[in-house]
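Commentary on secondary and tertiary structure
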Amino acid sequence: MKVEQTLSDGRMIVTFPNGTRKETSADKKMTVIKFYNGDVKKIKPDQRVIYYFSDAQTTYTTYPDGVETVQFPNKQIEKFYPDGSKETVFPDGTVTRLKPGCEETVFPDGTIISVERNGDKTIVLSNGQKEIHTAQFKRREFPDGTSKTVYCNGCQETKYSSGRVKVKDQTGKVILDQKQK
């Protein structure tokens, strides 16, 4: 049999036969349910719903705008957005974002890796260098404007910031070395 109590401050407490307890604030804007298994569900005045899973030590929060977050005991946090995108913040500070058609990872040292749906990958390194990987080539771009491209057939092309262009064939033999005049 459930037991209902109204306290002098206006809070209402309902205790269920299995030990679950529901407490509602006097203004009815906040509810806390403590389940018999140790789980806790809070409904906040701003309409956030926070559910703590006792056995897993995991907190699941839903927001009025449709965003959902899960916080794990190791401090990893996952955010799910209404548009289907997802963001994961790892304990070491690494952040991964999954968006329709793209995945982006930002590492604590500032390195950013973006992968497009077609497999193209861009890596921006913390030292200012940038790598672009596609099915046709891999290119590294340096802060001084120099770029080195290796094509899938093994040919290499280096464009220097001075304007010089050097091209090598698959065997490494220079087939063009054009200096800027």
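Refer to the preceding data block for the structure.
Description of the structure in this document. (Residues numbered from 1 in each chain as written. Predicted model: local features only at pLDDT ≥ 70, side-chain atom pairs only at ≥ 80, totals over all residues. Heavy atoms only, no water.)

**Here's the deal with the overall build of the protein chain**
From N to C terminus, the protein chain includes 0 helices and 20 strands. Expected size for 181 residues packed as a compact globule is a radius of gyration near 16 Å; at 28 Å, the protein chain overshoots this value by more than 25%. Each principal axis of the C-alpha atoms in the protein chain carries an extent, and together these give about 90 × 25 × 25 Å. Considering only residue pairs separated by 6 or more positions, the protein chain has 0% of its internal contacts joining residues 24 or more positions apart. Surface summary for the protein chain: the accessible area is close to 11900 Å², and the carbon and sulfur share equals 52%. In the protein chain, 30 positive and 24 negative side-chain charges are present, and the distance between their average locations comes to 3 Å. (Helix = DSSP H or I, 4+ residues; strand = E, 2+ residues; numbered from the N terminus. Rg over C-alpha atoms; globule rule 2.2 N^0.38 Å. Contact = heavy atoms within 4.5 Å. Areas by Shrake-Rupley, 256 points an atom, 1.4 Å probe, with all protein chains shown as cover. Lys, Arg positive; Asp, Glu negative; His and termini not counted. Charge placed at Lys NZ, Arg CZ, Asp CG, Glu CD.)

**Some points on the pattern of salt bridges**
Using the criterion set out here, one finds 10 salt bridges in the structure. For Lys 2, the salt bridge goes to Glu 4, with nearest N and O atoms at 3.5 Å. On the accessibility criterion, Lys 2 (45% relative accessible area) is partly exposed. Shared partners join several salt bridges into a network, and the residues in it are Asp 9, Arg 11, Arg 21 and Glu 23. (Salt bridge = Lys/Arg side-chain N within 4 Å of Asp/Glu carboxyl O. Buried < 20%, exposed > 50% of the residue type's maximum accessible area, 1.4 Å probe, protein only.)

**Considering the pairing of strand S10 (residues 86-89)**
Here 4 bridges tie strand S9 (residues 77-80) to S10, and the two strands are oriented antiparallel to one another. Counted as the bridge partner of Glu 78 is Thr 88 from S10. Hairpin connection of S9 to S10: 5 residues between the antiparallel strands, including Gly 84 at a positive phi of 95 degrees. Relative to strand S11 (residues 95-99), S10 is paired through 4 bridges, and the arrangement is antiparallel. Within the sheet, the bridge partner assigned to Lys 86 lies in S11 and is Leu 98. Linkage of S10 to S11, two consecutive antiparallel strands, is achieved through a turn of 5 residues, within which Gly 93 is found at a positive phi near 100 degrees. (Pairing = 2+ DSSP bridges.)

**Re unusual backbone geometry**
Negative phi characterises most residues that are not glycine, and trans characterises most peptide bonds. Phi is positive for Gln 47, close to 75 degrees, though the residue is something other than glycine. Take Gln 47: it is sitting in the loop between strand S5 (40-43) and strand S6 (49-53). A positive phi is found at Gln 57, a non-glycine position, where the angle reads about 50 degrees. Considering the arrangement of structural elements, one finds Gln 57 in the loop between S6 and strand S7 (58-62).

**Looking at the packing of aromatic side chains**
In this structure the tally under the stated criterion is 3 aromatic pairs. Measuring from ring centre to ring centre gives 5.8 Å for Phe 35 and Tyr 51, while their planes differ by 35 degrees; the resulting arrangement is tilted. Taken as a pair, Phe 35 in the loop between strand S4 (31-34) and S5 and Tyr 51 in strand S6 lie far apart in primary sequence, 16 residues in all. With centroids separated by 4.5 Å and ring planes inclined at 45 degrees, the aromatic side chains of Tyr 51 and Phe 53 adopt a geometry described as tilted. Residue classification places Phe 53 among the partly exposed residues on the basis of a relative accessible area of 35%. (Phe/Tyr/Trp six-rings, centres within 6.5 Å; stacked < 30°, edge-to-face > 60°.)

**As for the pairing of strand S14 (residues 121-124)**
Pairing of strand S13 (residues 112-116) with S14 involves 4 bridges; the strand directions are antiparallel. Pairing of Ile 113 across the sheet is with Ile 123, part of S14. Linking two consecutive strands that pair antiparallel, namely S13 and S14, is a turn of 4 residues; a positive phi of about 100 degrees is found at Gly 119 within it. One ladder, built from 4 bridges, connects S14 with strand S15 (residues 130-133); its direction is antiparallel. Each residue of the ladder has a partner; that of Ile 123, found in S15, is Glu 131. Where S14 folds back on S15, the antiparallel hairpin that results is connected by 5 residues, among which Gly 128 adopts a positive phi of roughly 95 degrees.

These values are about where atoms sit, not about what they do.
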